[in-house]
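As a plain string of letters, each chain reads:
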Amino acid sequence: MSPAADTGTGTRADTGTARADAPSWPAEFAERYRSAGHWRGETLGGMLRERAAAHPDRVAVVDPDGDPRRTVSYAELDARADRLAAGFTARGIAPGDRVVVQLPNTAEFLEVVFGLFRIGAVPVLALPAHRRAEIGYFCAFTEAVAYVCPGRHAGFDHRDLAAEVLRDTPGLRHVFVADRDPGPFTALADVPRTPGSGGPPPGGGPRPEDVALLQLSGGSTGVPKLIPRTHDDYLYSVRASNEICGVTADSVYLVALPAAHNFPLSSPGSLGLLYAGGRVVMCPQPSPDTAFLLIEREGVTITGLVPPLALLWTEAAAAGTPYDLSSLDVLLVGGAKFSEEAARRVRPAIGCRLQQVFGMAEGLVNYTRLDDPDELVNGTQGRPISADDEVLVVDDEDREVEPGTTGHLLTRGPYTIRGYWRAPEHNARAFTADGFYRTGDLVRALPSGHLVVEGRAKDQINRGGEKIAPEEVENHLLAHPAVHDAHLVAEPDAYLGERSLAYVVLRPAAGPLRPAELKSYLRGRGLAGYKVPDRIAFVAALPTTGVGKVSKRELRAAAAGPDSPAGPGPAVRPDTDRTEGTNGTP
Ligand code: OOB
């Protein structure tokens, strides 16, 4: 396929800005990945065009959140992407421009991202849970020209958020709202009706090696990092995932996790299903009640979940469900460690096969294989997609450890980025000189190549698959006038795996402050709900290391329980300690 087939004829789009910002593969690697057939010179927009030509009337997307349920055929999805592309172009959105997309699990999500792919504009894939702090940052940092959001979603009005972000971000020119009532902004439905949007967008469309989208990293620093994925590399991971997960034109994938996340988008996810000519079913929320009904009604064959949801589904199915789940063939579980005990229970309860996935938006994805023996499926997090995925397990000095020993996972390969977007200083730390990504994960490799995730060296909390960078939250806590010092660590949680605990030292002169007040302060600063600490402990002082730095290690050990080797941890001020439950985010 010629990349120019994407949007018709015209001069080639200038997407140079995006390329210069995103470190790319050295020529010899690019050459190797092309000659191995991994990079095939396709674009995401071109892929949809081809599928629509091959089977226009097949259903591409089912959006059940309406009455009646909405189905979108391949031809309709393709045409809708074209019309949106033309409308966006008429409003001045150009190749290489960034557009922050924050949409829930609806057909519109796919229509918008494919509309942007067609132009060569770059969607920045925000999650529905993000709030002003995150959206404002993404818009400002990426110099986004537009923000696409729902109206009211999950009890939150994104139009209000949009107004604030628009006020604070001079470069942001457009807000498109996926709602009949867009407030002071433009309804997404009106974009194709924009004057001048009759024809296809100008330019030859993006090149396969161009950045197609910016994914978000879970992060371990003060601000989230952005992950530039190219058409070539993303499509390779999608195509190979399809093969490993048995996705065909007859597959039906339920998007139960937030559609923008790398896992339900590309592992194999909605893009995998569209690649195969299968069907994508958008699940408005992942509770067993909603999801089980859709599995029965839509004949879902495959889906992906984070461990807490997999536990919930397993329990619900084991307890007996009125819904027929027999169409479900494969359940992918990943995003956080799935315990071996929980893994063993999946098949007897739900009746489907389990595939563990250990992936990262930066690239590398490991899957257990459908024909692996039970002990590998239940007891490992899988092996890499590609023979060209290079995986090293190293000690603190980057020396490879003995086979079978736990160490730091480093990786490079045909779909793993060589650097974050516009982050040269961070890249110097996050990648080795020869281009290996330091995943921050601690793993052990089996002779079969399967990896067992043993822990994490990066300063990140994995709250049931939702990633929290402690420094980011600490900075928000420190902004409170009564807070002298704050440190966020993980504490074990039976359901989520980990939840967050903030140790906070108040200023001496500060009056009484309750954890609930501090939490609502964080929400008031526009922080996503899942980042608000599950628990806040006010302490008089924090443990320090020999050189006087706060000892996160001791705090982590203390959070892990009173029996941990580091002892009981800092003395909690009895007057202010409140132990509160989780903060209610999924
Ligand atoms: C997926 O992507 P991210 O970018 O949200 O998070 C990546 C990190 C990994 O570095 C690791 O720390 C953790 O999430 N992780 C797991 C895991 N899967 C991811 N830790 C233990 N066991 C697992 N199975 O989470 C992601 C991307 C694509 C597919 C699946 C998950």
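Predicted model only: the values in this text are computed from it and were never measured.

Each helix and strand in the protein was counted, giving 18 helices and 27 strands. Relative to the 2.2 N^0.38 estimate, which gives 25 Å for 586 residues, the radius of gyration of the protein is 24 Å and therefore close to what a compact globule would have. Among the 586 residues that make up the protein, the fraction classed as buried is 59%. Contacts in the protein between residues at least 24 apart in sequence constitute 70% of all its contacts with a sequence separation of at least 6. Accessible area for the protein stands at about 22,200 Å²; split by element, carbon and sulfur atoms hold 51% of it. Side-chain charges in the protein split into 61 positive and 74 negative, and the spacing between the mean points of these groups amounts to 3 Å.

This part covers the site of the ligand. Near the ligand there are 19 residues, and of these His 261, Val 357, Asp 441, Lys 458 and Lys 467 occur at the shortest range. A distance of 3.0 Å is found between a nitrogen atom of the ligand and a backbone nitrogen or oxygen belonging to Gly 335. Contact with the protein chains hides 96% of the accessible area of the ligand, taken as 600 Å² for the molecule alone. Every element with two or more residues in the shell around the ligand is listed here: helix H9 (262–266) and strand E16 (353–360). With 4 residues, the single largest contributor to the shell around the ligand is E16. Considering only residue class, the shell around the ligand consists of 7 nonpolar, 8 polar and 4 charged.

Taken as a whole and judged by the stated rule, the model has 13 aromatic pairs. On the numbers, 6.2 Å between centres and 65° between planes, the contact of Tyr 137 with Phe 138 is edge-to-face. Following the ring pairs from residue to residue traces out a cluster consisting of Trp 25, Phe 29, Tyr 33 and Trp 39. The ring centre of Phe 156 lies 3.8 Å from the NZ or CZ of Arg 131, which sits over that ring.

What follows is about the side chain of Glu 491. Take Glu 491: it is sitting in strand E25 (residues 483–493). For Glu 491, a relative accessible area of 6% translates into the label buried. Of note is the side chain of Glu 491, whose polar atom sits 2.8 Å from the side chain of Arg 535. Not counting the four nearest positions on each side in its chain, Glu 491 is found in contact with Gly 497, Glu 498, Arg 499, Leu 501, Arg 535 and Ala 559.

Rules and cut-offs
- Residues numbered from 1 in each chain as written.
- Predicted model: local features only at pLDDT ≥ 70, side-chain atom pairs only at ≥ 80, totals over all residues.
- Heavy atoms only, no water.
- Helix = DSSP H or I, 4+ residues; strand = E, 2+ residues; numbered from the N terminus.
- Rg over C-alpha atoms; globule rule 2.2 N^0.38 Å.
- Buried < 20%, exposed > 50% of the residue type's maximum accessible area, 1.4 Å probe, protein only.
- Contact = heavy atoms within 4.5 Å.
- Areas by Shrake-Rupley, 256 points an atom, 1.4 Å probe, with all protein chains shown as cover.
- Lys, Arg positive; Asp, Glu negative; His and termini not counted.
- Charge placed at Lys NZ, Arg CZ, Asp CG, Glu CD.
- Near = heavy atom within 4 Å.
- Polar contact = N/O pair within 3.5 Å; in protein donor to acceptor, adjacent residues only side chain to side chain.
- Nonpolar A, V, L, I, M, F, W, Y, C, P; charged D, E, K, R; others polar.
- Phe/Tyr/Trp six-rings, centres within 6.5 Å; stacked < 30°, edge-to-face > 60°.
- Lys NZ or Arg CZ within 6 Å of the ring centre and 35° of its normal.

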